[in-house]
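Letter by letter, the chains look like this.
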Amino acid sequence: MGLFIVEFNLESRSPVTVEDGDVIIDKGYSTVTVRNVEADSTNDAEIKARPKANAFLDELCQQYEINLEIGNGWTVMLQDSPETRHIRKYTIKTVIKGGHRRKIPRVLQEVEIRPSDAKTYYRKAAISRDTFDTFRNLYLAIENVASKIVASKGNSSQGELDLVRIALQECFSSNTELLKSHSRVYGFENTGDIFLDVATFLYKKNRVQLSHSKASKNKKIPFNSHDEWEVQVSLPLAEIVAKSLLSYEDTHLSA
């Protein structure tokens, strides 16, 4: 058993410097570092470090809308010092345009990591470039937390529509105006029950039509400009629901 440091490549450079104990990113670097990994080998160290890195990136996405993704490639070595931040040396170039001064590096002092599958879906949605994929992952985040809310109430046998409706009622009962203000979108039907209406819109008008392609049923088809537009205009509502449920999970469901 040894103590390792593992550095994963990111798809883009970090816009911020922040660390949470053993996990670090630095502004301008395209890496995320995990220190103090107790492991039997370099492969074991990578396996143990990756979930920590991803949980850290999930929190940055949810809390600060900083969307970073682990890419290909990683480096690992025995840790020679707890102060080590990077395995390799990188040259960081700063380009100053238009006479503006270089911005002072933004530093976050603390990020509290609360691992959550729903947060992983939310970050996947945030970094996706495909409209359909963005909605699917936002909905998966919603469904994940909704199932936990319903289970916490002692009733986990609900159908999916009721699952989302109950979760919305639990999360937004004191702030229905937030739901109403984001529900003024094409295709939304208002019956007077905002929780059922939002659940129906997200589930029947989008989730079902994105997940099934039976010829006799309504569906959303890729490269159909109207279908893609309908999903695009539904994203703000799906995002505010997902973000609110993630906050509820942190405050009411986390151990």
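Keep in mind the model is a prediction, meaning the values are calculated, not measured.

### Concerning the nonpolar core
In this structure, Leu168, Leu179, Val198, Leu202, Leu237 and Val241 are the most contacted members of the largest nonpolar core, which totals 41 residues. At the level of secondary structure, the elements contributing two or more residues to this core comprise helix H2 (117-127), helix H3 (131-152), helix H4 (160-172), helix H6 (194-211) and helix H7 (225-253). Apart from the residues within four sequence positions on either side, Val241 is in contact with Ile142, Leu168, Phe172, Leu179, Val198 and Leu202. In this structure, Val34, Val37, Leu60 and Val76 belong to the second largest nonpolar core, which totals 23 residues.

### A word on H7
An ideal rise of 1.5 Å per residue puts 42 Å on 29 residues; H7 measures up with 40 Å between its terminal C-alpha atoms. Two or three places before His226, at the opening of H7, Asn224 has a side-chain oxygen 3.1 Å from that residue's backbone nitrogen.

### Remarks on the environment of Glu160
Within the secondary structure, Glu160 is located in helix H4. Classification of Glu160 as buried rests on a relative accessible area of 19%. As for Glu160 and Ala146, which are separated by 14 residues in sequence, their C-alpha atoms are 9.2 Å apart. If near-sequence neighbours (up to four positions away) are discounted, Glu160 is found in contact with Tyr139, Glu143, Tyr203 and Arg207. At a separation of 2.9 Å, a polar atom in the side chain of Glu160 contacts the side chain of Tyr139.

### Focus on the packing of aromatic side chains
Inspection of the entire model under this criterion finds four aromatic pairs. Among the aromatic residues, ring-to-ring pairing joins Phe135, Tyr139 and Tyr203 into one connected group.

### As for the confidence of the model for the protein chain
A low pLDDT score tells you not to read the predicted coordinates there in detail. Per-residue confidence for the protein chain gives a mean pLDDT of 86, with 89% of residues at or over 70. Every residue in residues 89-105 is under pLDDT 50, and counting partners more than four places away or in other chains gives 11 contacts.

### Quick look at the pairing of strand S4 (residues 31-39)
When a strand is regular, its side chains alternate between the sheet's two faces. Of all nine residues making up S4, seven are buried, and the element is well covered by its neighbours. As defined by bridge partners, strand S1 (residues 2-10) adjoins S4 across seven bridges and the pair is classed as antiparallel. When the sheet's bridge partners are listed, Phe8 is paired in S4 with Val32. Hairpin connection between strand S3 (residues 23-25) and S4: a loop of five residues separates the two successive antiparallel strands, and Gly28 in this loop has a positive phi of roughly 90°.

### Some words on the packing of H3 against H7
Packed helices, taken two at a time, are described by the angle their axes make and the gap between the axes. Contact geometry for H3 and H7: axes closest at 8 Å, N-to-C directions at 35°. Crossing of H3 against H7: the hand is left-handed. Counted by class, the contact of H3 with H7 contains 16 nonpolar, five polar and five charged residues.

### Some thoughts on unusual backbone geometry
Despite not being glycine, Asn36 has its phi angle at roughly 55°, a positive value. By the element assignment, Asn36 lies in strand S4. Positioned with a positive phi, Phe223 is a non-glycine residue whose angle comes to about 70°. On the secondary structure map, Phe223 appears in the loop between H6 and H7.

### Some points on the packing of H2 against H7
Orientation of H2 relative to H7, taken along the N-to-C sense of each, is 155°, at an axis distance of 10 Å. In terms of orientation, H2 and H7 fall into the roughly antiparallel class. In the crossing of H2 with H7, the sense of the turn from one axis to the other is left-handed. Between H2 and H7, the contacting residues are Ala118, Lys119 and Tyr122 on the first element and Glu239, Ala242, Lys243, Leu246, Glu249 and Asp250 on the second.

### Some points on H4
An α-helix turns once every 3.6 residues. As a result, residues three or four positions apart point the same way. Over its 13 residues, H4 extends 18 Å from the first C-alpha to the last, a length consistent with the 18 Å expected when each residue adds 1.5 Å. Listed as buried for H4 are Glu160, Leu161, Leu163, Val164, Ala167, Leu168, Cys171 and Phe172. The buried residues of H4 occupy an angular sector of 160° when the element is viewed end-on, so they sit on one face. Against H3, helix H5 (176-182), H6 and H7 lie the buried residues of H4.

What counts and what doesn't
- Residues numbered from 1 in each chain as written.
- Predicted model: local features only at pLDDT ≥ 70, side-chain atom pairs only at ≥ 80, totals over all residues.
- Heavy atoms only, no water.
- Core = buried A, V, L, I, M, F, W, Y, C linked by side-chain atoms within 4.5 Å.
- Buried < 20%, exposed > 50% of the residue type's maximum accessible area, 1.4 Å probe, protein only.
- Helix = DSSP H or I, 4+ residues; strand = E, 2+ residues; numbered from the N terminus.
- Contact = heavy atoms within 4.5 Å.
- Expected span 1.5 Å × (residues − 1).
- Polar contact = N/O pair within 3.5 Å; in protein donor to acceptor, adjacent residues only side chain to side chain.
- Phe/Tyr/Trp six-rings, centres within 6.5 Å; stacked < 30°, edge-to-face > 60°.
- pLDDT = per-residue confidence, 0-100.
- Pairing = 2+ DSSP bridges.
- Axes fitted to C-alpha atoms, helices over the stretch in contact; angles between N-to-C directions.
- Left-handed = near helix turned anticlockwise from the far one by under 90°.
- Nonpolar A, V, L, I, M, F, W, Y, C, P; charged D, E, K, R; others polar.
- Parallel < 35°, antiparallel > 145°, perpendicular 65-115°, else oblique.
- Arc of directions from axis to C-beta.

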